[in-house]
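Notes for the structure review
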Amino acid sequence: MTRAALRFSPNLTPCRRTRREFLWEVGGGFAGLALIDLLSHDGFFANQASAADAGYLLSPRKPHFAAKAKHAVFLFMNGAPSHVDTFDYKPALSTFNNTPYKGDTAVGSNGRPIGNLMQTPFEFRKHGRSGLEISSLFPHTSKFADDLCVIRSLYTDTAAHASGCLQMNTGSVQIGKPSLGAWLSYGLGTLHDSLPSFVVMTDPRGGPISSASNWTSGFMPAAYQGTLFRGQGAPLLDLATPLGISNRTQRDSLDLLARLNQEHLQSRPGESELAARIQSYELAYRMQTTAAQVVDLDKEDARTKEMYGVNNKLTADFGRKCLITRRLLEQGVRFVQLYSGGGHLEDTWDGHTNCIANHKLHAGETDQPIAALMADLKRTGLWDETLIIWGGEFGRTPTSEGLGKPGRDHNPHGFSMWLAGAGVKGGQPIGATDELGFKAVQDRVHISDLHATILHLMGLEHTRLTYFYQGLDQRLTGVRGKVVEKVLA
């Protein structure tokens, strides 16, 4: 049949092909799908090294553009602090205290009781030359008011703790996406080959509800995932050399194990978790000395320990973690995440029952250590190359949880976080919630915008930091996100 005749054939498909041509071309396309999947597992499209060389995956890499920040510290207030009791003063709540809320913002989660508007019991004062308003919950941190950039107009897509923590850490409410720390490790590599690039320290009362999903490497090679450190004693369990084993014997054993594992890996190309496991043995060997020295605070003088609150029962745990953080940064660790609050409800910042007592406790545990870390970073010169992030997964309602009750419920519609350090323009609030504090209304900042800004401060363009997976160039910010220019110095 001629091509002219084919144009008028009743057997043509809508794409102007015969059924036979259509089936042949579609069939050929299936092979391409398989090839794409294999190449994505090898990191081919991301121009990455073979997954077998996990050490190479963490080699230092240049940022997309010059940036001041080389390290980042995320002070994660697990459980969701109340913005109207911390960094977003609302005088109108005093005017309308104990009256019903009549606005259109949805209030309440999981059928919890809804009370009246509730003023903050904490005094807000203007601090520093900037006059930044900060709650009396933070007498130590407020001394650094001129360094803080408080974003008062954040909002997120969920009011549940598990998905809220996931979105704050991975950009998605669903499990399985790489975390912020993993993206930074992927984009920048590590500065110290005897320590992890990404370290996490949780609260002794427990971790966040969604657990290790908050520091996972997701679909990227496992070499980028966070390493969980303990704030006291050995940083990692089973890290010390067994008694009676010499360095020579241990080295010979590791060399033999490496050869066997490499042989095993050769028949399983693209297995990033196996490659990362092989690399972890070598890293653990090097960490036996380095990591133990980092967490050994006996070398710190009494004044420093006092400054961090290490000898005070209330501040001891978070104080130790903040002091270890400074020592990790000194050694070149790229990203450190500290969790305040662990487990559930009152053991976290989740002040459903009594937000007042809850916040007094958790702010009391963290305020002095955080201020000490900031002061120490300035003293050592690390301030100029370290980005600090403070906040939780969402905010809390300006209403009480039940009539006459001192608790507050979840609020994803508007809340506050602050940034400080390298590249940040301090001494300013950005954006605003409405007069009662329910909803972000001015210069609204979504979590993806926050992530884009953090990456920018670290020298990474969020639209260029991609990893090919399932046929797409995946991003921390997904299909949205814009840099909050007002944050930048």
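As a starting point, this report considers the structure included with it. (Residues numbered from 1 in each chain as written. Predicted model: local features only at pLDDT ≥ 70, side-chain atom pairs only at ≥ 80, totals over all residues. Heavy atoms only, no water.)

Some words on the overall build of the protein
From N to C terminus, the protein includes twelve helices and 17 strands. Taking all 489 residues of the protein together, 53% fall into the buried category. Within the protein, contacts between residues separated by at least 24 positions form 76% of all contacts whose residues are at least 6 apart in sequence. When the accessible surface of the protein is summed, it comes to about 22100 Å², and 52% of that surface belongs to carbon and sulfur atoms. (Helix = DSSP H or I, 4+ residues; strand = E, 2+ residues; numbered from the N terminus. Buried < 20%, exposed > 50% of the residue type's maximum accessible area, 1.4 Å probe, protein only. Contact = heavy atoms within 4.5 Å. Areas by Shrake-Rupley, 256 points an atom, 1.4 Å probe, with all protein chains shown as cover.)

Comments concerning unusual backbone geometry
Even without a glycine there, the phi angle at Ala-80 is positive, about 85°. With respect to the helices, strands and loops of the structure, Ala-80 is situated in the loop between strand 1 (71-77) and helix 4 (91-95).

Let's talk about the pairing of strand 4 (residues 149-155)
A regular strand places its side chains on the two faces of the sheet in alternate fashion. Across the seven residues of strand 4, seven count as buried, placing the element largely inside the fold. Strand direction decides the pairing type here: strand 4 and strand 11 (residues 415-421), joined by four bridges, are antiparallel. Residue Val-150 lies in a different strand from strand 11, and its bridge partner there is Trp-418. Both strand 4 and strand 12 (residues 428-430) contribute to a ladder of three bridges, which runs parallel. When the sheet's bridge partners are listed, Val-150 is paired in strand 12 with Pro-429. (Pairing = 2+ DSSP bridges.)

What about the pattern of salt bridges?
A side chain with one charge can pair with a side chain of the opposite charge if their charged atoms come near. Considering all chains together, one arrives at 16 salt bridges under this definition. Close ionic contact of Lys-378 with Asp-147 constitutes a salt bridge, the shortest N to O distance being 2.6 Å. Pair noted here: Lys-378 is in helix 11 (residues 355-380) and Asp-147 is in the loop between strand 3 (132-135) and strand 4, with a separation of 231 residues, a long-range link. Residue classification places Asp-147 among the buried residues on the basis of a relative accessible area of 18%. The closest approach of N and O atoms between Asp-317 and Lys-321, which form a salt bridge, is 3.0 Å. Of this pair, Asp-317 and Lys-321 both sit in helix 10 (residues 316-330), four residues apart, which is roughly one turn of that helix. When salt bridges with common partners are traced through the structure, they connect Glu-300, Arg-326, Arg-327, Glu-330, Asp-376 and Arg-379 into a single cluster. (Salt bridge = Lys/Arg side-chain N within 4 Å of Asp/Glu carboxyl O.)

Quick look at the environment of Gly-187
Here Gly-187 is to be found in helix 6 (residues 180-188). Overall, Gly-187 belongs to the buried group, its relative accessible area being 10%. Expressed as a C-alpha distance, the spacing of Gly-187 and Pro-60, which sit 127 residues apart in the sequence, is 8.9 Å. With residues up to four places along the chain from it excluded, the contact list for Gly-187 reads Arg-61, Lys-62, Leu-460 and Leu-465.

Considering helix 5 (residues 161-170)
With nine of ten residues buried, helix 5 is to be regarded as a mostly interior element. When we look at burial in helix 5, the residues that qualify are His-161, Ser-163, Gly-164, Cys-165, Leu-166, Gln-167, Met-168, Asn-169 and Thr-170. Taken from the residues just after helix 5, Gly-171 is the one with a positive phi, measuring 85°.

A word on the packing of helix 10 against helix 11
Taken N-terminus to C-terminus, the directions of helix 10 and helix 11 make an angle of 20°; their axes are 8 Å apart at the nearest point. Between helix 10 and helix 11, the crossing angle belongs to the class labelled roughly parallel. In this structure, helix 10 meets helix 11 at a crossing whose hand is right-handed. Two secondary-structure elements touch here, helix 10 through Phe-318, Gly-319, Cys-322, Leu-323, Thr-325, Arg-326, Leu-329 and Glu-330 and helix 11 through Glu-365, Thr-366, Pro-369, Ile-370, Leu-373, Asp-376, Leu-377, Arg-379 and Thr-380. When the residues that make up the contact of helix 10 with helix 11 are grouped by side-chain class, the tally is eight nonpolar, four polar and five charged. (Axes fitted to C-alpha atoms, helices over the stretch in contact; angles between N-to-C directions. Parallel < 35°, antiparallel > 145°, perpendicular 65-115°, else oblique. Left-handed = near helix turned anticlockwise from the far one by under 90°. Nonpolar A, V, L, I, M, F, W, Y, C, P; charged D, E, K, R; others polar.)

Concerning the pairing of strand 3
For strand 2 (residues 124-127) and strand 3, the ladder comprises four bridges, and the chain directions are antiparallel. Looking at strand 3, one finds that His-127 is bridged to Leu-132. Turn length for the strand 2-strand 3 hairpin, with the two strands adjacent in sequence and antiparallel, is four residues, and the turn residue Gly-128 shows positive phi of about 70°.

Regarding the environment of Glu-306
If you trace the backbone, Glu-306 turns up in helix 9 (residues 302-308). When near neighbours in sequence (up to four residues on either side) are disregarded, Glu-306 contacts Asn-311 and Gln-368.

Focus on the nonpolar core
Soluble globular proteins tend to pack their nonpolar side chains together in the buried interior. By size, the foremost hydrophobic cluster in this structure holds 52 residues, and its most contacted members are Leu-184 and Val-487. Once residues lying within four places of it in the same chain are set aside, the contact partners of Val-487 are Cys-149, Ile-151, Leu-419, Gly-423, Val-424, Lys-425, Gln-428, Ile-430, Thr-453 and Leu-457. One finds Met-77, Leu-195, Tyr-308 and Trp-349 within the second-largest nonpolar core, a separate group that totals 47 residues. (Core = buried A, V, L, I, M, F, W, Y, C linked by side-chain atoms within 4.5 Å.)

Looking at the packing of aromatic side chains
With the rule as written, the count across this model stands at 16 aromatic pairs. A ring pair is formed by Phe-74 and Phe-76, whose centres lie 5.3 Å apart and whose planes are at 40°; its orientation type is tilted. Grouped by ring-pair contacts, the aromatic residues Trp-183, Tyr-186, Phe-219, Tyr-224, Tyr-467 and Tyr-469 constitute a single cluster. The ring of Trp-383 carries the charged tip of Lys-378 above its face, separated from the ring centre by 4.8 Å. (Phe/Tyr/Trp six-rings, centres within 6.5 Å; stacked < 30°, edge-to-face > 60°. Lys NZ or Arg CZ within 6 Å of the ring centre and 35° of its normal.)

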